[in-house]
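Topology and contacts: notes
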Amino acid sequence: MSKILSTHVLDATDGTPATGVHVQLVSSAGDVLASATTDSDGRIAEIAPDGLTAATYSLVFATGDYFAARGRETFYPEVTVTFVLDDPQRGYHVPLLLSPFAYSTYRGS
């Protein structure tokens, strides 16, 4: 089982944490395994508290709801980041840098 799976969402529009983004953890079979909402720092410290095995997973970020709540138009109503968790003994951090018309991600530490 994995140690930690965390995420952090930064709103690049104004350089602030994206508070209140709903995120789902989904298996490669499409099953929702967990869900959480980013805190005041734009973080979810642990989205899979029971751990994960080596496999492919997705984090689905409800970006449309986030921007709608702020009265902003967006091109991406949701962002899905699919990744391979290959070593369950290490922690994984999957951050998202977000704006209404672009996003990027990387394998964090």
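As a reminder, the structure under discussion sits directly above these lines.
Each value, and the rule that gives it
Residues numbered from 1 in each chain as written. Predicted model: local features only at pLDDT ≥ 70, side-chain atom pairs only at ≥ 80, totals over all residues. Heavy atoms only, no water. Helix = DSSP H or I, 4+ residues; strand = E, 2+ residues; numbered from the N terminus. Rg over C-alpha atoms; globule rule 2.2 N^0.38 Å. Buried < 20%, exposed > 50% of the residue type's maximum accessible area, 1.4 Å probe, protein only. Contact = heavy atoms within 4.5 Å. Pairing = 2+ DSSP bridges. Axes fitted to C-alpha atoms, helices over the stretch in contact; angles between N-to-C directions.

Quick notes on the overall build of the chain
If you tally the helices and strands in the chain, you get one helix and ten strands. Along the chain, from the amino end to the carboxyl end, the secondary structure elements read β-β-β-β-β-β-α-β-β-β-β. The C-alpha atoms of the chain give 13 Å as radius of gyration, which agrees with the globular expectation for 109 residues (13 Å, within 12%). Dimensions of the chain along its principal axes, counting C-alpha atoms only, are 40 × 25 × 20 Å. Taken over 109 residues, the chain has a buried fraction of 41%.

Thoughts on the side chain of His 93
Turning to its location among the elements, His 93 is positioned in strand 8 (residues 92-93). Beyond its immediate stretch of four places on either side in the chain, His 93 contacts Ser 6, Thr 7, His 8, Arg 43, Tyr 106, Arg 107, Gly 108 and Ser 109.

Remarks on the sheet that holds strand 6 (residues 55-61)
In space, the four strands of this open sheet follow the order 4-3-6-7, with antiparallel pairing throughout. Each end of this open sheet is capped by a strand with a single partner; those strands are strand 4 (32-37) and strand 7 (79-85). Taking each pair of neighbouring strands and ignoring which way they run, the sheet shows an average axis angle of 20 degrees. When strand 3 (residues 22-27) meets strand 6, the two strands line up antiparallel, connected through five bridges. Across the sheet, Val 23 pairs through a bridge with Phe 61, a residue of strand 6.

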